Amino acid sequence: MMRISRHDIPFISFFATSHSSSIRLYSSTHSNTKLGLNSNIENVKCLNDAVSLFHQMVRRKPLPHVVSFSKLFKTMQNMKHYSAVVSLFREMQKLGIPINGYILCNVINSYCLMHRVDCAFSVLPIYLKNAIPFDVVTFTTLIRGIFAENKVKDAVELFKKLVRDKICEPNEVMYATVMNGLSKRGHTEKTLSLLRLMEQGSTKPNIYIYSIVIDALCKDGNLDIAINLLNEMKQEGIPPDIVTYSSLIDGLCKLGQWEKVKTFFSEMVNLNIYPDVHTFNMVIDGLCKEGKVEDAEEVMNHMIEKGVDPNIITYNTIMDGYCLCGQLDRARRVFDSMVDKNIEPDIFSYNILINGYCKLKKVDEAMQLFCEISQKGSKPNIVTYNILLQGMFEVGRIGFAKKFFDEMLSTGPLPNLSTHSTLLNGYFKYGFVEEAMSLFNKLEIKTEDIDIAFYSVVINGLCKNGKLDEAHAIFQKLSFIGLLLDVRAYTIMINGFCLEGLFDEAKDILRKMEANGCFPDNVTYNVIVQGFLRCSKISEMTTFMKEMTGRGFSFDATTAELLVNVLRENPSVLDMIPELHSEKRK
């Protein structure tokens, strides 16, 4: 045995000497199974049914044909009982029941779906032992399994080896599997390169292959290259389909290129390719994200006129758009119209409206909707509880938030890190430092997935409550426990020192931050400049202002307001700031 890479995926050595002529699809020469057995397999509804039928089959004399076992395994796989497929296959081996390539491929696929591609490779010698030839499906399944474990390099190496050593001639499905695996993991250039390689080979790309590459380019924002590829495809006599156009329209919507969106819509219709609800939803989502919610609703009305029924995603998107614009009445109208059309709101529908009400500090209306969820037969999820907790803290209803959290612990979903972050933020905001730290200490002991964002909440809360030493102690601890400090964590600590007027300590953190390869952003500089302005340290502020503008950053609203207040009290400060002074002279 040899290994294809450092990721411990076994690879058998005979691949190097195998020839493509030895690879053929397995076909049975035996007659099909009896109709009754096929009917029994079709009636399998659960794992117990499948296992019971398997044991009946192995006791039959003569044994059912191997195809029946293969069909049973496929049924079990469709029901996601992957480990049971493997277990029954091993039982088949012990009983000496004949197997075929379809069964082995089912077992390989089951291992891959269990994210045990190493075990999947261990099935390959069984092919040899039983004189069963490999086929392209086997290797395509393995490649898909390797990608599923995010071992991109290994998947590519296996594909290259199959081609280089002529072990297997890739077909369109194998190419699509590799390209799909690459594109979904951000390797768009490699996906495009593989397309170019395919164009030169004997297996030519089809519409599905081109659509994978076009979609990857659109998701990367490379719309010009995607459109050029569309034109190339047409020149090759491969007509685009709705999937191709939908990818392009989605990409154009995200970039706000609405004229081109209209052009492609017209082109689709001229080719008798009619937009479906998925395509319309892309346009509606793009318009809502730009705040053009009325236009989005017009698109929905247009799709209805064209005989395309909006789905719950359509309504949820428009509701969310109105909520983001603060137009809760319109969002509620869309919600009610959805109900009138017998489309049952889902938990996302409720969460969108509840969040909208909470943003406008209408917590009572949000709670009414929360109570309605259960009455309508749905169930609040963790997001629902987190939104409402945040809303309660925003309006200062601390006792109500605590009671709501207790109710969540007894009847609702388990709190997640976001829930606890919301609680800590609320406690710190209203000065309940001891309560916050008690919760934090409990969570730190029993929670394994605490991340840098969670610690940042605690550090920020302590700083804003005058507990700078405690905040700094936690901040210093983070590197020792293996957490990588990000720009937000550094900025919070710098702000903590600035609030106390400890500028040397703040500058020391800034130097350490850059030395560790984490560079300050616009917020970091504004925090420091604000600190200098509060303490009227104008010369120091000027130094940082030069550095700030040199890096392409600018004052935010808070900094500008502080500067205006300083100038109002002492106009002569303007002469100390060369940039502003020269601007005034212009």
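Small disclaimer: the values here were computed from a predicted structure and weren't measured.

Enquirer: What is the right way to look at the overall build of the chain in this model?
Expert: Helix and strand counts for the chain stand at 33 helices and two strands. Relative to a compact globule of 586 residues, whose C-alpha radius of gyration would be 25 Å, the chain shows 31 Å and is clearly more extended. The buried share of the chain, taken over its 586 residues, is 48%. Contacts spanning at least 24 positions in sequence make up 60% of the contacts within the chain whose residues lie at least 6 apart. Carbon and sulfur atoms make up 52% of the accessible area of the chain, which totals about 30,000 Å². Distance between charge centres in the chain, computed from 65 positive and 67 negative side chains, equals 7 Å.

Enquirer: Whenever I open this one, the packing of aromatic side chains confuses me. Can you help?
Expert: Each aromatic ring pair is summarised here by two numbers: the centre-to-centre distance and the angle between the ring planes. The full count for this structure, using the stated rule, is 18 aromatic pairs. Ring centres of phenylalanine 134 and phenylalanine 139 lie 5.7 Å apart, and the angle between their planes is 40 degrees; this geometry places the pair in the tilted category. Residue phenylalanine 134 is classed as buried on the basis of its relative accessible area, which comes to 7%. Note on tyrosine 525 and phenylalanine 553: the rings are 5.7 Å apart at their centroids and 35 degrees apart in plane angle, and the pair reads as tilted. Of this pair, tyrosine 525 sits in helix H30 (residues 522-534) while phenylalanine 553 is found in the loop between helix H31 (538-550) and helix H32 (557-569), placing the two residues 28 residues apart along the sequence. When its relative accessible area of 21% is taken as the criterion, phenylalanine 553 is described as partly exposed. Taking NZ or CZ as reference, arginine 397 lies 5.0 Å from the ring centre of phenylalanine 400, over its face. The ring of phenylalanine 432 carries the charged tip of lysine 402 above its face, separated from the ring centre by 4.8 Å.

Enquirer: Can you walk me through the environment of isoleucine 494 in this structure?
Expert: Its location among the elements puts isoleucine 494 in helix H28 (residues 487-499). Those residues in contact with isoleucine 494 that lie beyond four places of it in its chain are Ala506, Ile509, Leu510, Met513, Thr524, Val527 and Ile528.

Enquirer: How do you make sense of the environment of serine 539 when you look at a structure like this?
Expert: On the secondary structure map, serine 539 appears in helix H31. Residue classification places serine 539 among the partly exposed residues on the basis of a relative accessible area of 47%. A polar side-chain atom of serine 539 sits 3.0 Å from a polar atom in the side chain of glutamate 540.

Enquirer: What is the right way to look at the side chain of asparagine 281 in this model?
Expert: Within the fold, asparagine 281 resides in helix H16 (residues 277-289). The exposure class of asparagine 281 is buried, given its relative accessible area of 9%. A polar side-chain atom of asparagine 281 sits 3.2 Å from a polar atom in the side chain of asparagine 311. For asparagine 281, the residues in contact, after removing those within four places along its chain, are Asn311, Ile313 and Thr314.

Enquirer: Explain helix H12 (residues 207-219) to me, please; I cannot follow it from the model alone.
Expert: Every α-helix carries 3.6 residues per turn, so stepping three or four residues along brings you back to the same face. End to end, H12 covers 18 Å across 13 residues, agreeing with the expected 18 Å (1.5 Å per residue, within 8%). Burial in H12 covers these residues: Ile209, Tyr210, Ser211, Ile212, Val213, Ile214, Ala216, Leu217 and Cys218. Those residues of H12 that are buried lie in contact with helix H10 (172-184), helix H11 (188-200), helix H13 (223-235) and helix H14 (242-254). Among the residues of H12, the N-terminal cap falls to asparagine 206, whose side-chain oxygen and the backbone nitrogen of tyrosine 208 are separated by 3.2 Å.

Enquirer: Explain the packing of H30 against H31 here, please?
Expert: Pairs of packed helices are described in terms of their axes, by the angle between the two and the distance that separates them. Running from N to C, H30 and H31 cross one another at 165 degrees; their axes reach a closest spacing of 8 Å. On the basis of their axis angle, the class for H30 and H31 is roughly antiparallel. Where H30 crosses over H31, the two elements pack in a sense that is left-handed. The segment H30 lies against H31, with Asn522, Tyr525, Asn526, Ile528, Val529, Phe532 and Leu533 engaging Ile538, Glu540, Met541, Phe544, Glu547 and Met548. In terms of residue class, the contact of H30 with H31 is built from nine nonpolar, two polar and two charged.

Enquirer: When you look at the confidence of the model for the chain in this model, what are you seeing that I'm missing?
Expert: For any part of a model where pLDDT is low, the fine detail of the predicted coordinates should not be relied upon. Per-residue pLDDT for the chain has a mean of 88; in total, 92% of the residues score no lower than 70. Overall, residues 1-34 carries pLDDT values under 50, and its contacts beyond four positions in sequence, including any with other chains, amount to 79 contacts. Contacts of residues 581-586 to residues separated by more than four positions or lying in other chains number three contacts, the stretch itself having pLDDT below 50.

Enquirer: Looking at this model, I keep getting lost on the pattern of salt bridges. Mind explaining?
Expert: A side chain of one charge can pair with a side chain of the opposite charge if their charged atoms are brought near each other. Applying the stated criterion to the full structure yields 22 salt bridges. With a shortest N-O distance of 3.1 Å, arginine 116 and aspartate 118 are connected by a salt bridge. A salt bridge links lysine 402 to glutamate 435; its shortest N-O distance comes to 3.0 Å. With a gap of 33 residues between them, lysine 402 in helix H23 (residues 398-411) and glutamate 435 in helix H25 (residues 433-446) connect regions that are remote in the sequence.

Enquirer: Just to check I follow, could you spell out H25 for this structure?
Expert: Between its first and last C-alpha atoms H25 spans 20 Å; for 14 residues at 1.5 Å apiece the expected length is 20 Å, and the two agree. Buried positions along H25 lie against helix H24 (417-429), helix H26 (452-464) and helix H27 (468-480).

Enquirer: For this particular structure, what's the right way to read unusual backbone geometry?
Expert: In most cases, non-glycine residues show a negative phi, while peptide bonds are predominantly trans. Following lysine 61, the chain continues to proline 62 via a peptide bond in cis, the omega torsion being -5 degrees. In the Ramachandran plot, lysine 80 falls in the positive-phi region, its phi being about 70 degrees despite a non-glycine side chain. Tracing the backbone shows lysine 80 in the loop between helix H3 (66-78) and helix H4 (82-95). The exposed category is assigned to lysine 80, whose relative accessible area is 61%. The phi torsion at asparagine 272 lies on the positive side, around 60 degrees, for a residue other than glycine. Looking at where asparagine 272 falls in the secondary structure, it is placed in the loop between helix H15 (258-270) and H16. Taking relative accessible area as the criterion, asparagine 272 reaches 58% and is therefore assigned exposed.

Enquirer: Can you help me understand the packing of H25 against H26 in this one?
Expert: Here H25 crosses H26 at 155 degrees, and the two axes come no closer than 11 Å. Relative to H26, the element H25 lies roughly antiparallel. Along this stretch, H25 crosses H26, giving a crossing that reads as left-handed. Contacts between H25 and H26 involve Val433, Met437, Phe440, Leu443 and Glu444 from the first element and Phe454, Tyr455, Val458 and Leu462 from the second. Split by residue class, the contact of H25 with H26 holds eight nonpolar, no polar and one charged.

Enquirer: Sorry, what's going on with the state of the cysteines here?
Expert: Formally, a disulfide is one covalent bond, and it connects the sulfur atom of one cysteine to the sulfur atom of another. In the structure shown here, the tally under the stated rule is zero disulfides. Note on cysteine 218: no disulfide assigned, nearest cysteine sulfur contributed by cysteine 253 at a separation of 11 Å. Here cysteine 218 falls in the buried class, since its relative accessible area comes to 6%.

Enquirer: Would you take a moment to explain the side chain of threonine 140 for this structure?
Expert: Checked against the element boundaries, threonine 140 lands in helix H8 (residues 136-148). In this structure, threonine 140 is in contact with Val173, Met174 and Thr177, ignoring residues within four places of it in sequence.

Thresholds applied
- Residues numbered from 1 in each chain as written.
- Predicted model: local features only at pLDDT ≥ 70, side-chain atom pairs only at ≥ 80, totals over all residues.
- Heavy atoms only, no water.
- Helix = DSSP H or I, 4+ residues; strand = E, 2+ residues; numbered from the N terminus.
- Rg over C-alpha atoms; globule rule 2.2 N^0.38 Å.
- Buried < 20%, exposed > 50% of the residue type's maximum accessible area, 1.4 Å probe, protein only.
- Contact = heavy atoms within 4.5 Å.
- Areas by Shrake-Rupley, 256 points an atom, 1.4 Å probe, with all protein chains shown as cover.
- Lys, Arg positive; Asp, Glu negative; His and termini not counted.
- Charge placed at Lys NZ, Arg CZ, Asp CG, Glu CD.
- Phe/Tyr/Trp six-rings, centres within 6.5 Å; stacked < 30°, edge-to-face > 60°.
- Lys NZ or Arg CZ within 6 Å of the ring centre and 35° of its normal.
- Polar contact = N/O pair within 3.5 Å; in protein donor to acceptor, adjacent residues only side chain to side chain.
- Expected span 1.5 Å × (residues − 1).
- Axes fitted to C-alpha atoms, helices over the stretch in contact; angles between N-to-C directions.
- Parallel < 35°, antiparallel > 145°, perpendicular 65-115°, else oblique.
- Left-handed = near helix turned anticlockwise from the far one by under 90°.
- Nonpolar A, V, L, I, M, F, W, Y, C, P; charged D, E, K, R; others polar.
- pLDDT = per-residue confidence, 0-100.
- Salt bridge = Lys/Arg side-chain N within 4 Å of Asp/Glu carboxyl O.
- Disulfide = S-S within 2.5 Å.

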